[in-house]
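Analysis of the macromolecular model
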Amino acid sequence: MLSKRIIPCLDVRNGKTTKGIKFKENVDIGDPVEMARFYYEEGADEIVFYDITASSERRDIMIDVVRRVAEEIFIPFSVGGGIRTIEDMRAVLLGGAEKVSVNTAAVKDPEIISAGAGAFGSQCIVLGMDVKKVELSEKTPSGYEIVIHGGRTYTGIDALAWAKKGEDLGAGEICLNSIDADGTKQGYEIALTSLISGNVNIPVIASGGAGNINHMHDVLKYSKADAALIASIVHYGTYTIKQIKDELHSRGIKVRNTW
Amino acid sequence: MIAIIDYKAGNLKSVECALKKLGLPCCTTHNLGEILSSERIIFPGVGAAGQAIADLRHLGLNEVLRQAFEIGKPILGICLGAQIILDKSEENSAQCLGLISGEVKLFPSPLFSEKNERLKIPHMGWNSVHLIKRHSVLEGIKPADEFYFVHSYYPVPASDKYVIGTTDYGIEFPSIIGYKNLIAMQFHPEKSGTPGLKILKNFCTWNGHYAE
């Protein structure tokens with residue numbers, strides 16, 4: 001039986017990790033390669049890197065991080081942020097990443113999903129979705145809307161319709177981030193995760209809102225999420241991955257035991 | 001020297017990194033002479049069967065693999081490399097290498113777990129392997145060990161005698177198969193943490209002998 005995956009997310013800016021609270025006031029907290037190795041050894045099932053570098057040298061810095069990570073950790077890892085073209089995808093995958101995630105670029109040009117899946121296989125392409133709860137409307141019948149620019153720009157795209165379209169275009173997985181829950185530590189948005197995960201046939205990673213293990217238990221148990229993304233609760237040492245997995249295991253969630 | 005077969009099927013960097021970490025000399029190559037003179041071969045692969053077979057044929061690698069298999073060189077197939085060693089695949093209706101008799105099938109859809117939950121395709125993530133036969137390459141692997149899978153198709157050898165391990169995902173499918181000097185696994189040992197690295201290490205000292 002497949003285990004639920006526990007995935008630390010590292011935000012990387014100029015080659016250093018940061019953790020943003022609601023995408024504002026980021027603080028540098030370390031070296032991504034060291035942190036990745038630490039989580040790998042602690043039993044993380046996968047690692048997500050999100051490149052938030054604004055400068056134009058972003059690609060080279062990030063590709064160097066990717067290469068060094070690939071030499072140190074032997075679990076899958078994905079890279080997102082600033083992936084705009086097939087060439088961006090190729091550089092990351094050749095660097096040794098398992099997957100690339102596209103978010104804003106896919107909103108602007110959905111064909112990047114099919115082009116990426118065609119070139120590298122669906123299993124490499126993660127559709128990152130930033131979502132906010134909105135009033136039910138004709139444009140957003142699910143009550144959730146896709147936002148970009150860290151939640152500052154509404155796109156008018158319905159989140160559920162977008163998830164299905166992403167799957168049809170060849171995305172192999174969805175990383176679903178609730179902007180409302182992100183950074184709050186008040187729990188994942190279970191209704192949203194359940195809605196999306198229950199209506200696509202590709203894996204869904206729940207993201208945004210993890211404040212304690214109970215939140216992780218709830219999203220993995222009640223929302224059909226295949227994996228849970230975590231950041232602050234491990235970056236700031238509130239829990240170790242082992243503590244999280246022990247607790248989830250004792251509460252009946254199937255997780256990979258690595259010790 | 002271990003030859004990692006390069007036929008543009010991706011994911012070669014991870015295999016190379018894992019071998020380097022283990023201190024095992026390797027080269028990623030599609031040079032026929034280099035492959036035939038190597039001590040052992042890793043045959044990785046990610047992507048679609050049809051394209052992979054076309055690329056292998058284009059580079060003349062299908063024949064090299066066959067020769068290497070026939071002369072008893074230890075070969076490790078990974079993921080797609082555990083599929084296209086069979087006769088044919090449902091993916092792109094591809095005619096494959098036929099080193100082991102059998103075919104590659106798509107997971108049935110819809111697929112349900114024992115608890116009647118809908119299972120997603122691809123089968124992506126960590127799962128365990130029930131070892132039903134002993135094999136030197138799997139020495140030290142424990143029943144609780146999990147491995148990283150990502151695939152929508154799975155290998156079905158013509159006979160159970162080729163099946164070394166199976167995995168449950170709605171159905172029980174062969175996840176490790178082997179015949180003579182060839183062993184192949186549907187999961188990615190190079191991305192499966194400590195137990196995966198152990199398999200790669202074992203492979204690198206395996207003499208290629210396997211009694212079914």
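Residues numbered from 1 in each chain as written. Chains lettered and ligands numbered in written order. Predicted model: local features only at pLDDT ≥ 70, side-chain atom pairs only at ≥ 80, totals over all residues. Heavy atoms only, no water.

1. A word on helix 7 (residues 190-199) of chain A
A:Leu192, A:Thr193, A:Ser194, A:Ile196 and A:Ser197 are the residues of helix 7 of chain A that are buried. In this structure, the buried side of helix 7 of chain A is in contact with strand 7 (125-133), strand 8 (144-148), helix 6 (159-169), strand 10 (173-178), strand 11 (204-207) and helix 8 (213-222) of chain A. (Buried < 20%, exposed > 50% of the residue type's maximum accessible area, 1.4 Å probe, protein only. Helix = DSSP H or I, 4+ residues; strand = E, 2+ residues; numbered from the N terminus. Contact = heavy atoms within 4.5 Å.)

2. Focus: the confidence of the model for chain A
Mean pLDDT over chain A works out to 91, with 93% of the residues at or above the 70 mark. In the predicted structure, residues 20-24 of chain A sits below a pLDDT of 50 and forms 13 contacts with residues beyond four places in sequence or in another chain. (pLDDT = per-residue confidence, 0-100.)

3. Some remarks on the packing of helix 3 (residues 86-94) of chain A against helix 5 (residues 111-120) of chain A
Working note: a packed helix pair is described by the angle between its axes plus the distance between those axes. Residue and element names in this part refer to chain A. Contact geometry of helix 3 with helix 5 gives a least axis separation of 10 Å together with a crossing angle of 40°. Between helix 3 and helix 5, the interaxial angle falls into the category oblique. When you trace helix 3 past helix 5, the crossing you get is right-handed. Contacts between helix 3 and helix 5 pair Ile86, Met89, Arg90 and Leu93 from the former with Ile112, Ala115, Gly116 and Phe120 from the latter. Within the contact of helix 3 with helix 5, the residues separate by chemical class into 6 nonpolar, 1 polar and 1 charged. (Axes fitted to C-alpha atoms, helices over the stretch in contact; angles between N-to-C directions. Parallel < 35°, antiparallel > 145°, perpendicular 65-115°, else oblique. Left-handed = near helix turned anticlockwise from the far one by under 90°. Nonpolar A, V, L, I, M, F, W, Y, C, P; charged D, E, K, R; others polar.)

4. A look at the pattern of salt bridges
Using the criterion set out here, one finds 19 salt bridges over all chains in the structure. We note a salt bridge from A:Arg251 to A:Glu247, for which the minimum N-O separation is 3.9 Å. Since its relative accessible area comes to 33%, A:Arg251 is described here as partly exposed. By relative accessible area, which is 32% here, A:Glu247 ends up partly exposed. Its salt-bridge partner being B:Lys20, residue B:Glu16 comes within 3.3 Å of it at the nearest N-O pair. In this pair, B:Glu16 and B:Lys20 are both assigned in helix 1 (residues 12-21), 4 residues apart and thus about one turn of the helix distant. According to the relative accessible area criterion, B:Lys20 is exposed, its value standing at 57%. What you see here is one network of salt bridges that share partners, running through A:Arg5, A:Glu46, A:Lys99 and A:Glu173. (Salt bridge = Lys/Arg side-chain N within 4 Å of Asp/Glu carboxyl O.)

5. With respect to the interface of chain A and chain B
The interface of chain A with chain B comprises 37 residues on the first partner and 29 residues on the second. Summed over both sides, the interface of chain A with chain B buries roughly 2600 Å², with 54% coming from carbon and sulfur. Per-residue buried area on chain A facing chain B is highest for A:Leu2, A:Phe74 and A:Asn201; these three make up 29% of the total on that side. If you look at where chain A meets chain B, you find 4 salt bridges. Along the contact surface separating chain A from chain B lie 15 residue pairs in polar contact (both at pLDDT 80 or more). Among the elements that take part in the side of chain A that touches chain B, helix 2 (residues 58-72) of chain A stands out by supplying 4 residues, more than any other. Split into classes, the residues belonging to the side of chain A that touches chain B amount to 16 nonpolar, 8 polar and 13 charged. (Buried area = accessible area lost by both parts, 1.4 Å probe. Polar contact = N/O pair within 3.5 Å; in protein donor to acceptor, adjacent residues only side chain to side chain.)

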